[in-house]
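# Examination of the molecular architecture
Here is how the chains run, residue by residue.
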Amino acid sequence: QVQLVESGGGSVQTGGSLRLSCAASGYTYSSDCMGWFRQVPGKEREGVATIYTGGGTTSYADSVKGRFTISQDNAKNTVYLQMNSLNPEDTAMYYCAAGHPWGRACPLNRFNTWGQGTLVTVSS
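Small disclaimer: the values here were computed from a predicted structure and weren't measured.

All told, the structure shown has 2 disulfides when counted by the stated rule. Paired through a disulfide, Cys22 and Cys96 show a sulfur-sulfur distance of 2.0 Å. Since a negative S-S torsion denotes a left-handed disulfide, the Cys22-Cys96 link at about -80 degrees is left-handed. Separated by 74 residues along the polypeptide, Cys22 in strand β3 (residues 18–26) and Cys96 in strand β9 (residues 92–99) bring together distant segments of the chain. As far as the burial class goes, Cys22 and Cys96 line up, both buried. The disulfide that involves Cys33 links it to Cys106, with 2.0 Å between the sulfurs. Taking the torsion about the S-S bond as the criterion, the Cys33 to Cys106 disulfide, at about -85 degrees, is left-handed. With Cys33 in strand β4 (residues 33–39) and Cys106 in the loop between β9 and β10 (111–114), the pair connects residues that are 73 residues apart, well separated along the chain. For the pair shown, Cys33 and Cys106 are each scored as buried. For the chain, numbering the cysteines in disulfides from first to last along the sequence yields the connectivity 1-3, 2-4.

Dropping the structure here:
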């Protein structure tokens, strides 16, 4: 129903910043939850940040609170992840995701559509 394409990944130094973008197309009106996940080899996929597009409510993993910010541009059907104060532990493949809310919230298990991913590498 919806297609997602991530961009903005790359290589940065510790302490640097990067902004990821997720362009959504297709029947975007069918998804009210958007989010960012990340995964490294050998570990489970981790929820990083979510946003309920119907109201703007956001949530973050404890490991990124205060450093990452998720936002949306409805006119462009795009969701962003601003990442500041990056450290090597943030190195991962980052995936954009879409799903449906449970009430007015976006629990992680409600996401069912995924982009191809964009790689973020933070060097020390």
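And the narrative resumes.
Before going further, it helps to spend a moment on unusual backbone geometry. Even without being glycine, Asn77 reaches a positive phi, approximately 50 degrees. For Asn77, the position within the fold is in the loop between β7 (68–73) and β8 (78–83). We note that Ser85 has phi near 50 degrees; this positive angle belongs to a residue other than glycine. Among the secondary structure elements, Ser85 is positioned in the loop between β8 and β9.

Let's shift gears to the nonpolar core. The nonpolar side chains of a soluble globular protein tend to be buried, and buried together. Ranked by internal contacts, the top residues of the largest apolar core, which has 26 residues, are Trp36, Leu81, Met83 and Tyr94. Looking at this core, the elements that each hand over two or more residues are β1 (2–7), β3, β4, β5 (46–52), β7, β8, β9 and β11 (118–123). Apart from the residues within four sequence positions on either side, Tyr94 is in contact with Glu6, Leu20, Trp36, Phe37, Arg38, Val48, Phe68, Leu81, Met83, Gly117, Thr118 and Val120. If you look at the next biggest cluster of nonpolar residues, it comprises 6 residues, including Phe37, Tyr52, Ala97 and Cys106.

Cut-off values and rules
Residues numbered from 1 in each chain as written. Predicted model: local features only at pLDDT ≥ 70, side-chain atom pairs only at ≥ 80, totals over all residues. Heavy atoms only, no water. Disulfide = S-S within 2.5 Å. Helix = DSSP H or I, 4+ residues; strand = E, 2+ residues; numbered from the N terminus. Buried < 20%, exposed > 50% of the residue type's maximum accessible area, 1.4 Å probe, protein only. Core = buried A, V, L, I, M, F, W, Y, C linked by side-chain atoms within 4.5 Å. Contact = heavy atoms within 4.5 Å.

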